[in-house]
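Here are the chains, one letter per residue:
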Protein chains: 2
Amino acid sequence: MFDEIARESIQKHREWKGKIEMRAKVAIDQIHDLTLVYTPGVGAVSKLIAEHPEEVDQLTWRKNTVAVVSDGSAVLGLGNIGPAAALPVMEGKCAIFKRFANIDAVPIVLGTQDVEKIVTTVIAIAPSFGAIQLEDISAPRCFEIEKRLQETLDIPVMHDDQHGTAIIVLAGLINALKVVGKQINQIRLVMNGAGAAGLAVTRLLIKAGVQDMVIVDRQGAIYTGRDGLNEEKKILAELTNRAHQSGPLTDVARGADVLIGVSAAGAFSSELIRSMAPKSIVFALANPVPEILPDEAREAGAAVIATGRSDFPNQINNALCYPGLFRGMLDQNIKKVTDEIKLRAAQAIASVIKDPTAEHFIPSMFEPGLMETVARSVSG
Amino acid sequence: MFDEIARESIQKHREWKGKIEMRAKVAIDQIHDLTLVYTPGVGAVSKLIAEHPEEVDQLTWRKNTVAVVSDGSAVLGLGNIGPAAALPVMEGKCAIFKRFANIDAVPIVLGTQDVEKIVTTVIAIAPSFGAIQLEDISAPRCFEIEKRLQETLDIPVMHDDQHGTAIIVLAGLINALKVVGKQINQIRLVMNGAGAAGLAVTRLLIKAGVQDMVIVDRQGAIYTGRDGLNEEKKILAELTNRAHQSGPLTDVARGADVLIGVSAAGAFSSELIRSMAPKSIVFALANPVPEILPDEAREAGAAVIATGRSDFPNQINNALCYPGLFRGMLDQNIKKVTDEIKLRAAQAIASVIKDPTAEHFIPSMFEPGLMETVARSVSG
């Protein structure tokens with residue numbers, strides 16, 4: 001099945017030669033048109049903006065644009081494959097931006113993986129765009145790059161792999177809890193994996209009310225004082241695991257209400273799922289092969305299951321969020337992506353499903369009203 | 001008249017809110033479409049490019065794209081108005097790229113005027129694009145920026161204000177000489193003004209056969225050893241003025257066959273034109289108000305007249321060249337813009353007018369076959 005999609009996708013990409021294109025919105029059919037679109041008429045427009053800089057959003061495409069920026073260092077599950085190989089992914093994001101939110105998004109793949117140069121470059125090109133979406137940049141560089149850009153620029157900057165994931169995971173969790181009838185502040189939640197998204201997901205879940213949360217990496221549960229924790233894991237240890245639990249996933253997941261995997265294929269056994277609390281929730285988000293297949297998880301007793309795959313029901317997919325989120329930020333002149341905006345976006349996505357069930361608790365990309373609801377949620 | 005165009009252009013820009021837009025070329029109407037455009041299918045495309053980098057041009061939009069890059073330091077006749085105010089001009093260029101050569105051009109305006117940062121930035125974003133057009137960057141920074149980018153990148157980099165202007169001036173001169181029946185290697189040519197375009201125009205005209213050429217700036221004729229010449233004017237002095245002539249324009253232009261102005265409104269008096277050789281050629285390219293109005297120049301005896309304005313006949317306009325030139329370079333995998341390419345492009349533009357007359361010796365943007373002829377000329 002994957003081979004088939006892979007083959008078809010490559011074939012289609014050869015035909016398309018690019019999934020996006022520029023279009024001139026204006027007719028240029030006679031000299032008079034040129035005098036308006038270009039010189040001498042455009043000079044008056046430039047002069048007006050030079051005198052009244054805020055007019056740039058009334059007179060150019062800037063206000064409707066997003067730069068989708070990647071250095072190709074952490075692309076999908078493929079790792080550090082560089083800018084050229086990252087380009088088809090960024091083009092796909094741009095096509096989705098246009099299709100679902102009418103945003104003019106431009107793929108910018110970078111020929112450098114140096115933090116300083118990336119920051120300098122994005123700051124330099126920022127006057128061209130209404131917002132910056134960072135994509136597929138590896139940890140821990142992604143943290144510093146995002147932070148410095150957010151501090152410097154007065155347009156929204158968001159690393160989708162972190163915050164897009166966090167928002168969708170929370171949206172899924174909100175509805176999954178409705179299905180099983182549990183309260184967010186009473187659950188025990190275990191997350192396996194602590195990559196680029198780990199910190200953002202953790203922060204947002206806690207902000208949303210999760211109180212009992214443990215994060216597990218290859219060395220087992222993360223707790224304060226554990227040997228060899230890097231900067232981010234130290235913060236994770238501070239934020240979670242109040243009981244100071246140690247040991248492997250099989251110990252930690254016992255009795256858990258929610259198990260979230262952002263790790264690797266096969267990381268969750270049937271036995272592991274069986275050891276969880278009744279009416280358990282399993283998000284197996286490794287891509288393309290999840291930690292456990294939905295059927296297997298269900299047989300082992302999981303009540304509600306999500307994956308990252310489009311060919312299973314209930315896909316946890318960042319694309320559910322970013323088109324509407326950026327639409328809302330551009331329309332409402334938002335300068336920074338705050339925690340409150342993220343919480344509201346998650347609630348908005350969850351709210352699109354009126355009566356969540358185990359079969360259908362996460363909307364599809366084509367759910368009517370999804371993008372509009374997310375866009376509206378931005379302003380609170 | 002200008003006021004009217006200015007008013008109409010501003011009004012139209014308010015309606016348009018951008019003269020260009022992104023378009024998704026691919027249908028995204030069902031989940032299956034998403035699996036091809038985005039994950040998981042796009043992963044196979046990325047993997048293929050990671051293994052075979054040359055495939056990027058078969059599988060993405062890169063090969064059909066140009067970044068139109070400006071720091072807003074020398075925009076039209078408006079000077080250093082910055083990136084936001086430059087954006088409408090760059091959008092106009094991008095709209096023209098699409099309309100006349102089906103090229104997907106992206107306006108990139110920069111929030112820095114530091115040479116080092118501009119070079120770093122353009123190198124960083126270069127993997128996203130098939131070519132780089134530099135625009136409206138002031139001298140002398142434009143020389144170093146272009147040179148360093150050309151040395152570093154393996155895609156065409158061209159500063160349009162220099163080389164686009166040079167190509168069109170030469171194209172116009174080739175046909176103007178046909179009209180008056182003079183040979184390029186026998187004319188005396190005087191150019192008034194030595195800005196960003198001066199060096200490029202001079203080099204190309206000499207390459208094309210001009211032997212007797214004098215350049216005049218505010219201090220008069222430029223000659224080797226003149227006090228206070230900057231780097232570029234020293235080169236100009238070496239290349240031109242073999243007779244070591246000094247003195248003001250009124251002295252130097254006496255008896256000239258060709259007078260080219262890239263200076264300022266009103267720089268050419270009727271008396272000056274009257275002092276030229278019989279069957280004189282006058283290119284009054286200052287914008288928006290030329291050095292002398294065509295009617296006045298004709299009354300003073302000029303046989304052939306061109307301006308930079310679209311509302312007079314025979315407009316010297318860079319847009320006649322760049323869409324076709326970049327189309328040709330992208331299609332034919334050209335890595336560097338050579339002098340030979342520029343000479344051929346000028347010949348190609350001139351050749352579009354089969355029987356040049358004083359009334360019509362420079363093609364309009366809408367001349368049938370213009371862009372195709374220029375594109376074909378690139379490969380020689």
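Above: the structure in question.
Residues numbered from 1 in each chain as written. Chains lettered and ligands numbered in written order. Predicted model: local features only at pLDDT ≥ 70, side-chain atom pairs only at ≥ 80, totals over all residues. Heavy atoms only, no water.

Student: Can you walk me through helix H8 (residues 160–180) of chain A in this structure?
Tutor: Residues lying three or four places apart along an α-helix face the same way, a consequence of the helix completing one turn every 3.6 residues. Residues and elements named next belong to chain A. Under the 1.5 Å per step criterion, the end-to-end length of H8 is 29 Å for 21 residues, consistent within 8% with the ideal 30 Å. Burial within H8 is extensive, with 18 of its 21 residues counted as buried. Directly after H8, the chain includes glycine 181, whose backbone phi takes a positive value near 70°. (Helix = DSSP H or I, 4+ residues; strand = E, 2+ residues; numbered from the N terminus. Expected span 1.5 Å × (residues − 1). Buried < 20%, exposed > 50% of the residue type's maximum accessible area, 1.4 Å probe, protein only.)

Student: I keep staring at the environment of arginine 14 of chain B and nothing clicks. Help me out?
Tutor: Looking at the element boundaries, arginine 14 of chain B is found in helix H1 (residues 2–16). For arginine 14 of chain B, a relative accessible area of 32% translates into the label partly exposed. Between the alpha carbons of arginine 14 of chain B and leucine 343 of chain B there is a distance of 40 Å; along the sequence they are 329 residues apart. If near-sequence neighbours (up to four positions away) are discounted, arginine 14 of chain B is found in contact with Leu48, Glu55, Gln58 and Leu59 of chain A. A polar contact of 2.8 Å, which involves the side chain of arginine 14 of chain B, links it to the side chain of glutamate 55 of chain A. (Contact = heavy atoms within 4.5 Å. Polar contact = N/O pair within 3.5 Å; in protein donor to acceptor, adjacent residues only side chain to side chain.)

Student: Explain the sheet that holds strand S4 (residues 132–134) of chain B to me, please; I cannot follow it from the model alone.
Tutor: Strand pairs in the sheet, formed through backbone hydrogen bonds, run parallel or antiparallel to each other. Residues and elements named next belong to chain B. Taking strand neighbours across the sheet as the criterion, the four strands line up as S3-S2-S4-S5 in an open arrangement whose pairing is parallel. Looking at which strands have only one partner, the edges of the open sheet turn out to be strand S3 (104–109) and strand S5 (157–159). Sheet twist, expressed as the average angle between the axes of neighbouring strands with direction ignored, equals 20°. Where S4 meets S5, three bridges bridge the pair, whose relative direction is parallel. Across the sheet, the residue bridging to glutamine 133 is methionine 158, located in S5. (Pairing = 2+ DSSP bridges. Axes fitted to C-alpha atoms, helices over the stretch in contact; angles between N-to-C directions.)

Student: What should I look at first to understand the sheet that holds strand S4 (residues 132–134) of chain A in this one?
Tutor: Residue and element names in this part refer to chain A. Taken in spatial order, the four strands of this open sheet run S3-S2-S4-S5, and their pairing is parallel. The open sheet is flanked by strand S3 (104–109) and strand S5 (157–159), the only strands paired with a single partner. Strand-to-strand twist of the sheet, defined as the mean angle between neighbouring strand axes without regard to direction, takes the value 20°. Of the pairings in the sheet, the one linking strand S2 (residues 65–70) to S4 comprises three bridges and is parallel in character. By the bridge assignment, valine 69 is partnered in S4 with leucine 134. Against the sheet, helix H7 (residues 141–152) engages S4 and S5, with an angle of about 170° to S5.

Student: Help me understand the interface of chain A and chain B, please; the structure alone is not making it clear to me.
Tutor: Accessible area lost during the coming together of the parts is what is often quoted as the interface size. Contacts between the two partners involve 89 residues from chain A, matched on the other side by 88 residues from chain B. A buried area of about 8,600 Å², summed over both sides, lies between chain A and chain B, and 69% of it is on carbon and sulfur atoms. The largest contributions to the chain A side of the interface with chain B come from Glu21, Met22 and Tyr38 of chain A, which together make up 9% of the buried area. The shortest N-O distance in the salt bridge between arginine 23 of chain A and glutamate 21 of chain B comes to 2.7 Å. Linking chain A with chain B are 38 residue pairs in polar contact (both at pLDDT 80 or more). Among the elements of the structure, helix H1 (2–16), strand S1 (20–24), helix H2 (31–37), helix H3 (41–51), helix H4 (56–59), helix H5 (82–101), S3 and helix H6 (115–125) of chain A are those that each provide at least two residues to the side of chain A that touches chain B. Broken down by element, the side of chain A that touches chain B gets its largest block of residues, 14 residues, from H5 of chain A. Of the residues belonging to the side of chain A that touches chain B, the class tally is 51 nonpolar, 20 polar and 18 charged. (Buried area = accessible area lost by both parts, 1.4 Å probe. Salt bridge = Lys/Arg side-chain N within 4 Å of Asp/Glu carboxyl O. Nonpolar A, V, L, I, M, F, W, Y, C, P; charged D, E, K, R; others polar.)

Student: It is not clear to me how the relation of the copies chain A and chain B should be interpreted in this structure. Could you clarify?
Tutor: Relating the two copies of this chain is a rotation about some axis coupled with a shift parallel to it. Superposing chain A onto chain B takes a rotation of 180° plus a shift of 0.0 Å along the axis, which leaves an RMSD of 0.0 Å. Those values place the two copies in the arrangement expected of a two-fold rotation axis. A shared interface surface links the copies, since 99% of the contact residues of chain A are contact residues in chain B too. (Least-squares fit on C-alpha atoms with pLDDT ≥ 70 in both.)

Student: Any chance you could explain the pattern of salt bridges here in plain terms?
Tutor: Between side chains of opposite charge, a pair can form when the charged atoms approach closely. One pass over the full model with this rule turns up 46 salt bridges over all chains. A salt bridge links aspartate 339 of chain B to lysine 342 of chain B; the shortest N-O distance between them is 3.4 Å. Taken together, the residues aspartate 339 of chain B and lysine 342 of chain B, both in helix H15 (residues 339–351) and three residues apart, mark about one turn of the helix. Through salt bridges with shared partners, one network takes in Glu21 of chain A together with Arg23, Lys98 and Asp104 of chain B.

Student: How should I be thinking about unusual backbone geometry in this particular structure?
Tutor: Most peptide bonds adopt trans geometry, and most residues besides glycine take a negative phi value. The linkage connecting threonine 39 of chain A with the following residue, proline 40 of chain A, adopts the cis geometry, with an omega of 0°. With respect to the element layout, proline 40 of chain A can be found in the loop between H2 and H3. Along the chain, alanine 139 of chain B connects to proline 140 of chain B via a cis peptide bond; the corresponding omega equals 0°. For lysine 17 of chain A, which is not glycine, the phi dihedral falls at a positive 45°. With respect to the element layout, lysine 17 of chain A can be found in the loop between H1 and S1. Of note, the phi angle at leucine 76 of chain A is positive, near 45°, even though the residue is not glycine. In this fold, leucine 76 of chain A is placed in the loop between S2 and H5.

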